[in-house]
Amino acid sequence: MTPLALAQYMLNQDHFSRWMGIKLIDIREKYCLIEMPVKQEMINGLKTVHGGVTFSLADSALAFSSNNTNEASVALHCSMNFTKAIRLGDILTAESVLISDTRKIGVYDISITNQNKVLVATFRGTVYKIEKKVTDL
């Protein structure tokens, strides 16, 4: 399967990412660009996006980039910085780029921007390769 086909295979089974409205924009080996509209259900008591939603978008980008070669990986450690408030109606884009790759560990940087290309969050995710195929899980 191609990286795009594998990412689509995963998205078809990923009810949470689909609920979030995530769309695959550009999928290449160990890279992805995804998009998500901000919905009313994602807004917190301060009238901004709940941080867990932003984290979940980045986590999905990590999953679609680190698993799209059919080498199953799971998150081992993730950290996030929120740099700007996200509001209802924003359209977020998450770009995941591989920065380090070994036999068992991969490290990815994910940048999240809004529709105006303003950086709203950064995320670094470390994945552990579990020696299984995505399509076998």
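Residues take numbers from 1 onward in each chain, read along the sequence in its written order. Owing to the predicted nature of the model, reporting of local features is limited to residues with pLDDT of at least 70; listing and counting of side-chain atom pairs is limited to 80 or more, with chain, interface and lining totals taken over all residues. Hydrogens and waters are ignored; side-chain quantities use all the structure's heavy atoms.

Engineer: Could you give an account of the pairing of strand 6 (residues 119-133), with specific residues and numbers?
Structural biologist: Of the strand pairs in this sheet, strand 3 (residues 71-82) and strand 6 are connected by 10 bridges, and their pairing is antiparallel. Directly across from Ser79, in strand 6, lies its bridge partner Arg124. Bridging between strand 5 (residues 105-113) and strand 6 involves 9 bridges; their strand directions are antiparallel. Directly across from Ile105, in strand 6, lies its bridge partner Tyr128. Between any two strands, at least two bridges found by DSSP are needed for them to pair. The way it works is that DSSP assigns letters per residue, a run of H or I at least four long becomes a helix, a run of E at least two long becomes a strand, and they are numbered from the N terminus. In this antiparallel pair of consecutive strands, strand 5 and strand 6, the connection spans 5 residues, and Lys117 shows a positive phi of 65°.

Engineer: Go over the packing of aromatic side chains with me, naming the residues and quoting the values.
Structural biologist: Each aromatic ring pair is summarised here by two numbers: the centre-to-centre distance and the angle between the ring planes. In this analysis, rings of Phe, Tyr and Trp, with Trp reduced to its six-membered ring, are considered paired at centre separations within 6.5 Å, and the interplanar angle assigns stacked below 30 degrees, edge-to-face beyond 60, and tilted for intermediate values. Across all of its chains, the model carries 2 aromatic pairs by this definition. Each ring, one from Phe16 and one from Trp19, has its centre 5.8 Å from the other, and the planes form 25°; the classification is stacked. Note that Phe16 and Trp19 are positioned in helix 2 (residues 15-20) at a spacing of 3 residues, about one turn of the helix. Buried, partly exposed and exposed residues are distinguished by accessible area as a fraction of the type maximum, computed with a 1.4 Å probe on protein chains only: under 20%, between the cut-offs, and over 50%, respectively. Classification of Phe16 by relative accessible area gives partly exposed; the value is 45%.

Engineer: Before we move on, could you go through the pattern of salt bridges and cite the residues and values that matter?
Structural biologist: Close approach of charged atoms allows side chains of opposite charge to pair. In the sections that follow, a salt bridge refers to a side-chain nitrogen of Lys or Arg positioned within 4 Å of a carboxyl oxygen of Asp or Glu. Scanning all chains against the criterion turns up 6 salt bridges. Among the ionic pairs, Lys129 bridges to Asp101, the shortest N-O distance being 2.4 Å. Separated by 28 residues along the polypeptide, Lys129 in strand 6 and Asp101 in strand 4 (residues 91-101) bring together distant segments of the chain. Given the relative accessible area of 6%, Lys129 is considered buried. Residue Asp109 is joined to Arg124 by a salt bridge in which the shortest nitrogen-to-oxygen separation is 2.7 Å.

Nothing here speaks to function; it is all geometry.
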